[in-house]
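Chain and residue survey
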Amino acid sequence: MIVILKSDVTEEQIQHILKKTENLGLKANISRGVEKTVIGFIGPEDVLRVTPLEIYPGVEQVIPVLAQYKLVSREFKKDNSIVTVGEGIQIGGNQLVVMAGPCSIEDLEKTRSIAGAIKKAGATILRGGAFKPRTSPYEFQGLGEEGLKILSDVGKEFGLATITEVMDPRDIDLVCRYADILQLGARNMQNHSLLKEIGKVKKPVMLKRGISATINEWLMSAEYILANGNYDVILCERGIRTFETATRNTLDINAVALVKKLSHLPIIVDPSHGTGRWELVASGAKAGVAAGCDGLMIEVHENPEEAISDGQQSLLPEKFQSMMDDVKKIAQAVSRTI
Ligand code: PEP
Ligand code: MN
């Protein structure tokens, strides 16, 4: 249930509403906008249905939310949410944000050379996995804390913010010590214990869409994070599994345009995992920007043939540079900067 308050509502009236609804067992989430203050109420559907929220002084309108997700919905927050990362990077504003780097952190020297190249091309966030969700238990699982340290040191050296995946609730504190954004990967999108714990963290989180998740399921997972207190959530469309086998996944451009309508959260497009083929990555990136995404995540490697993971979808630094040149033209065409 979304309650829109009158422009002249007093703090006393707000507190009255909060007290009354708390007694009914409803949880309130307030969004104080420039023009309007809005309260999103969460609680048992039967209580919400019979509670006449209209009667409280200061209430202008009560909107029943049909979608199951509430806090992530556009009804709850009309304006785009902007997630601030580190000092000064804003995700969700007019400027597009580019995250790039290797699939896995492999060693210090390679990470340094990739960081230098992506920075030169205009990326502001360095990506790289230290805990890798591999299909086979016999494949490289990531360098763990050593990888986190490399990512963080190189990020600081090159003035890049950092993002890396956290797979286990027990690693959250560790990953928080090293990275600026926590990535919650596709395979863990419905790991509800992880979502709840990540909701308690005071760091931005990027939630990737599950491999076979519907848009509704994806937004419900984001709702878990917001409902547990963390509003700094960024969504990431990374392709879904369809009947098509010619590409690793099917990058769902529809989802980008639709999510911008349904939710106020920023959305990043990852055409590396979305296509699984390096020669298709630039096209996916351009399509994502044209559809209205707020940024890109791109895998870059200086020697894709030798990459420990995802070499087939990693761009060489020079290909990344030319993709960025092309993406800039699309960004300009849709009135975005990069
Ligand atoms: C990754 O970003 O390297 C990754 C494993 O992504 P996803 O969770 O989308 O497969
Ligand atoms: Mn990868």
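Quick note: structure is the one above.
In this text the structure is predicted, and so the values were computed from the model without any measurement. (Residues numbered from 1 in each chain as written. Chains lettered and ligands numbered in written order. Predicted model: local features only at pLDDT ≥ 70, side-chain atom pairs only at ≥ 80, totals over all residues. Heavy atoms only, no water.)

What to know about the overall build of the protein
In plain terms, the rule: Secondary structure elements follow DSSP: runs of H or I of four or more residues count as helices, runs of E of two or more count as strands, with numbering from the N terminus. Burial classes follow relative accessibility: with a 1.4 Å probe on protein chains only, a residue under 20% of its type's maximum area counts as buried, one over 50% as exposed, and anything between as partly exposed. Per-residue and other accessible areas follow the Shrake-Rupley method at a 1.4 Å probe size, with only the shown protein chains counted as cover for residues. Counting rule for charge: Lys and Arg are taken as positive, Asp and Glu as negative, and neither His nor the chain ends is counted. Charge coordinates come from a single atom per side chain, which is NZ of Lys, CZ of Arg, CG of Asp or CD of Glu.
Along the backbone of the protein there are eleven helices and 14 strands. Referenced to the eigenvectors of the C-alpha coordinate spread, the extents of the protein come out at roughly 65 × 45 × 40 Å. Counting across all 338 residues of the protein, residues that qualify as buried make up 53%. For the protein, the exposed area adds up to about 15,100 Å²; of that, 51% sits on carbon and sulfur atoms. Looking at charge distribution, the protein has the averaged site of its 40 positive side-chain charges lying 3 Å from that of its 43 negative ones.

A word on the environment of Ala227
We apply this condition: When checking whether two residues touch, look at their non-hydrogen atoms; a contact exists if any pair is within 4.5 Å.
With respect to the element layout, Ala227 can be found in helix α7 (residues 215-227). Accessibility expressed as a relative area gives 25% for Ala227, which makes it partly exposed. Taking the C-alpha atoms as reference points, Ala227 and Val72, 155 residues apart in sequence, are found 9.3 Å from one another. Contacts of Ala227, omitting those with residues within four sequence positions, involve Lys27 and Leu71.

Re the nonpolar core
Burial of nonpolar side chains together is a common tendency in soluble globular proteins. The criterion, for reference: In plain words, nonpolar cores are sets of buried Ala, Val, Leu, Ile, Met, Phe, Trp, Tyr and Cys residues tied together by side-chain atoms within 4.5 Å. Throughout, the edges of the domains are those of an automatic or database domain assignment.
Ile298, Phe320 and Met323 are the most contacted members of the largest nonpolar core, which has 70 residues in total. With six residues, the top contributor of residues to this core is α7. The residue makeup of this core includes at least three contributed by each of domain 1 (2-63) and domain 2 (83-333). Beyond its immediate stretch of four places on either side in the chain, Phe320 contacts Val98, Ala100, Ile118, Ala121, Ala123, Ile298, Val300 and Leu315.

Overview of helix α10 (residues 278-291)
How we decide: Take the number of residues in a helix, subtract one, and multiply by 1.5 Å to get its expected span. It is the directions from the helix axis to the C-beta atoms whose arc is reported.
The end-to-end C-alpha separation of α10 is 20 Å, in line with the 20 Å expected for 14 residues at 1.5 Å each. The set of residues buried in α10 consists of Val281, Gly284, Ala285, Gly288 and Val289. The buried residues of α10 occupy an angular sector of 130 degrees when the element is viewed end-on, so they sit on one face. Against the buried residues of α10 lie α8 (253-262), β13 (267-269), α9 (271-275), β14 (295-299) and α11 (317-333).

Here's the deal with the site of ligand 1
We apply this condition: To be near a molecule or strand, a residue needs just one of its heavy atoms within 4 Å of it. Polar contacts here mean pairs of N or O atoms no more than 3.5 Å apart (in protein, one a potential hydrogen donor and the other a potential acceptor; neighbouring residues in sequence count only if both atoms are side-chain atoms).
By nearness alone, 13 residues border ligand 1, and Arg127, Ala186, Arg187, Lys208 and Arg238 come closest of all. For ligand 1, an oxygen atom lies 2.7 Å from a polar atom in the side chain of Arg127. Taking Arg238, its side chain carries an N or O atom lying 2.6 Å from an oxygen atom of ligand 1. For ligand 1, whose accessible area on its own is 300 Å², the fraction buried by protein is 97%.

A short note on the coordination of the manganese ion (ligand 2)
Selection criterion: Note that water is not among the atoms considered, so a metal site may appear incomplete; the donors listed are N, O and S atoms within 2.8 Å of the metal, with 3.2 Å applied to Na, K and Ca.
Looking at the manganese ion (ligand 2), the protein donor atoms are Cys103 (SG), His273 (NE2), Glu299 (OE) and Asp310 (OD), and they sit 2.1 to 2.4 Å from it. The sequence pattern formed by the donor residues of the manganese ion (ligand 2) is C-x169-H-x25-E-x10-D. Here Glu299 is found in strand β14, whereas its partner Asp310 is found in the loop between β14 and α11, with eleven residues between them in sequence. Classification of Glu299 as buried rests on a relative accessible area of 0%. For Asp310, a relative accessible area of 14% gives the class buried.

A closer look at the pattern of salt bridges
Inclusion rule: A pairing counts as a salt bridge when a side-chain nitrogen of Lys or Arg comes within 4 Å of a carboxyl oxygen of Asp or Glu.
Under the counting rule described, the total for this entry stands at 21 salt bridges. Its salt-bridge partner being Lys110, residue Asp107 comes within 3.7 Å of it at the nearest N-O pair. The partly exposed category is assigned to Asp107, whose relative accessible area is 29%. In this structure, Asp153 engages Lys149 in a salt bridge whose closest nitrogen and oxygen atoms are separated by 3.1 Å. Here Lys149 and Asp153 lie together in helix α4 (residues 145-158), a separation of four residues that amounts to about one turn. Judged by relative accessible area, which is 36%, Asp153 ranks as partly exposed. Each of the salt bridges in this network shares a partner with another, and the network as a whole consists of Glu106, Asp107 and Lys110.

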